[in-house]
Amino acid sequence: MTAKEKPAARPANPRFSSGPCTKIPGWNTSLLDSALVGRSHRSKEGKARLKYAIDLTREVLEVPEDYRIGIVPASDTGAVEMALWSLLGARGVDVLAWESFGKGWATDVVKQLKIKDVRVLEADYGELPDLSQVDFSRDVVFTWNGTTSGVKVPDGEWIAADREGLTICDATSAAFAQELDWPKLDVTTFSWQKVMGGEAQHGVIILSPRAVERLESYTPPWPLPKIFRLTKNGKLIEGIFRGETINTPSMLCVEDYIKALEWAREIGGLCALQARACMNAAAVNEWIENTDWVENLARDPETRSNTSVCLKLSEKAVEGLSEEQAAAIPKRMVALLEVEGVAYDIGAYRAAPPGLRIWCGSTVETEDVQALLPWLDWAYAVAREEVLSSS
Ligand SMILES: Cc1ncc(COP(=O)(O)O)c(C=O)c1O
């Protein structure tokens, strides 16, 4: 096969978007037939369905018994904002930011909440900030897996077990695919449309006993909108963590999330979910090793994501190209692959360096990743020639 000859096989499923991510294998709308539509979410049956989603989350994600799990409004963003607005201000804050979403949380802490004593520990795309600089006598806000750079924290070892501050962790593209170190996490958030391929709009917030203690002993100086409120008269609203949601959830989305969790349980739970993501990412990384035009954006292998795998052109590939040409190649590749029906939505995030991002989360099948890889070589060869001949 020459570089520009199309590979014979296409991925059976070309959905490699980093969110919403592809649905569980075999998904179809009949799975939602059992959804409690047209009924009140506050009926006995409605509450039971929501409680079941919470219980299954605890089981599949292996959340400790003494941690509370709540379904909250406005997806992962809602869950993170709820935590920032409800908990911060009691002490100094360290915010870690190494890609777009972490940078967004840093902006909120500095510019919206206007907390005075803030340190923002930053790193560029592809890198992690120096984790040894984090001061755990302060509250610490970080993203477990930086979706837009494909850089994750290696583990929870760097987090002090005897910390005085709280850790607030946006784990939306890590939860279910990476090992979350629960004793080190006080607030953990995620949304359903990432690793579980659920429908979007609902967030999950998981609180450690220490987070609950802060909520019950500290009142922030700013007003809190109703959808952020986790306490009433200084006490945690326990109902939220039994499925009595703050406002109305979609019972279709709840059912869809339940079906994804049931699938996860059937295939072997957390371990199986993690293994699937690792196999997918390993397929991409092995191909990168043998391909001279591409590199993993995450420099240190220990920090490479197994969900949002981000690629950039290698130094060799960009040699002699202008910045515009180098940026045009991955853009053109994305367009070519979409037209071929081989890969959808694999362009780098709009604020990230030019490149590709291939979602390798647990709902993706490894054979689809494998079938995609020769197409990337094809698209690169075609796009490079086009870009060079048009400039
Ligand atoms: C790390 C991270 N945080 C937050 C978000 C926002 O998530 P949502 O759209 O569920 O609010 C995303 C979405 O991709 C993300 O990757």
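Conventions adopted
Residues numbered from 1 in each chain as written. Predicted model: local features only at pLDDT ≥ 70, side-chain atom pairs only at ≥ 80, totals over all residues. Heavy atoms only, no water. Domains from an automatic or database assignment. Buried area = accessible area lost by both parts, 1.4 Å probe. Salt bridge = Lys/Arg side-chain N within 4 Å of Asp/Glu carboxyl O. Helix = DSSP H or I, 4+ residues; strand = E, 2+ residues; numbered from the N terminus. Pairing = 2+ DSSP bridges. Axes fitted to C-alpha atoms, helices over the stretch in contact; angles between N-to-C directions. Near = heavy atom within 4 Å. Polar contact = N/O pair within 3.5 Å; in protein donor to acceptor, adjacent residues only side chain to side chain. Areas by Shrake-Rupley, 256 points an atom, 1.4 Å probe, with all protein chains shown as cover. Nonpolar A, V, L, I, M, F, W, Y, C, P; charged D, E, K, R; others polar. Patch = residues over 30% accessible without salt bridge, like charges linked within 9 Å, V, L, I, M, F, W, Y side chains within 5 Å. Lys, Arg positive; Asp, Glu negative; His and termini not counted. Charge placed at Lys NZ, Arg CZ, Asp CG, Glu CD. Left-handed = near helix turned anticlockwise from the far one by under 90°. Contact = heavy atoms within 4.5 Å. Phe/Tyr/Trp six-rings, centres within 6.5 Å; stacked < 30°, edge-to-face > 60°. Buried < 20%, exposed > 50% of the residue type's maximum accessible area, 1.4 Å probe, protein only.

J.: Please clarify how the domain arrangement of the protein should be interpreted in this entry.
T.: For an interface, size is often stated in terms of accessible area lost upon the parts coming together. Domain assignment breaks the protein into domain 1 (29–266) and domain 2 (270–390). Domain 1 and domain 2 are separated by 29 Å when their C-alpha centres are compared. When domain 1 packs against domain 2, the two sides together hide about 2,200 Å² of surface, and 57% of this comes from carbon and sulfur. For domain 1, the biggest contributors to the area lost against domain 2 are Tyr125, Ala177 and Trp263; these three give 21% of the whole. Our count for the contact surface shared by domain 1 and domain 2 stands at one salt bridge. For Arg299, the salt bridge goes to Glu127, with nearest N and O atoms at 2.9 Å.

J.: I tried to follow the pattern of salt bridges on my own but got confused; where do I start?
T.: Opposite charge on two side chains permits them to pair, given that their charged atoms come into close proximity. Applying the stated criterion across every chain yields a total of 27 salt bridges. Salt bridges sharing common partners tie together Asp94, Asp117, Arg119 and Arg138.

J.: Teacher, can you tell me more about the environment of Asp162 here?
T.: Inspection of the secondary structure puts Asp162 in the loop between strand S6 (151–152) and strand S7 (167–170). Separated by 22 residues in the primary sequence, Asp162 and Lys184 place their C-alpha atoms 9.1 Å from one another.

J.: Where do I start with the sheet that holds strand S13 (residues 308–313) in this structure?
T.: Note on sheets: strands pair through backbone hydrogen bonds, and any given pair is parallel or antiparallel. Spatially, S12-S13-S14 is the arrangement adopted by the three strands of the open sheet, whose pairing is antiparallel. The open sheet has two edge strands, strand S12 (294–296) and strand S14 (356–359), and neither has a second partner. Across the sheet, the mean angle from the axis of one strand to that of its neighbour is 30°, orientation sign disregarded. Alignment of S13 against S14, held across four bridges, turns out to be antiparallel. Following the sheet pairing, Cys310 is matched in S14 by Arg357.

J.: Looking at this model, I keep getting lost on the site of the ligand. Mind explaining?
T.: The environment of the ligand is made up of 13 residues, and the closest members are Ser75, Thr77, Thr147, Asp170 and Lys194. Between the ligand and Asp76 there is a distance of 3.1 Å, counted from an oxygen atom to a backbone nitrogen or oxygen. If the ligand stood free it would expose 390 Å²; the protein chains cover 85% of that surface. Of all the secondary structure elements, the ones that give two or more residues to the shell around the ligand are helix H2 (75–87) and helix H3 (100–112). With three residues, H2 is the largest single contributor of residues to the shell around the ligand. Of the residues in the shell around the ligand, the class split is two nonpolar, eight polar and three charged.

J.: Looking at this structure, how should I read a negative patch on the surface?
T.: Judged by side-chain charge, Asp155, Glu157, Asp300 and Glu302 come together as a negatively charged surface patch. Topologically, Asp300 is positioned in the loop between S12 and S13.

J.: Any chance you could explain the packing of H2 against H3 here in plain terms?
T.: When two helices pack together, their arrangement is captured by the angle between the axes and the distance separating the axes. It is the contact of H2 with H3, at a shortest axis distance of 11 Å, that shows an interaxial angle of 35°. H2 and H3 meet at a crossing whose hand is right-handed. Together, Asp76, Thr77, Val80, Glu81, Leu84 and Trp85 of H2 and Trp105, Asp108, Val109 and Gln112 of H3 make up the contact between the two elements. Residues belonging to the contact of H2 with H3 are distributed by class as follows: five nonpolar, two polar and three charged.

J.: Would you explain the packing of aromatic side chains in this entry?
T.: Between two aromatic rings, the relevant description is the distance of the centres plus the angle of the planes. If you walk through the whole model with that rule in mind, you get twelve aromatic pairs. Ring plane angle 80° and centroid distance 6.1 Å describe the contact between Tyr67 and Trp182, whose orientation is recorded as edge-to-face. Residue Tyr67 is found in the loop between helix H1 (44–61) and strand S1 (68–73), and its partner Trp182 is found in the loop between S7 and strand S8 (187–191); the two are separated by 115 residues along the sequence. Considered together, Tyr67 and Trp182 belong to a single accessibility category, that of buried residues. Centroid distance Phe136 to Trp158: 6.0 Å. Interplanar angle 50°. Geometry classified as tilted. Of the two residues, Phe136 is situated in the loop between strand S3 (118–122) and strand S4 (139–143) and Trp158 in the loop between S6 and S7; the sequence distance between them amounts to 22 residues. Across the pair, exposure class does not vary: Phe136 and Trp158 are buried alike. An aromatic cluster of three or more residues is present, and its members are Phe136, Phe142, Trp144 and Trp158.

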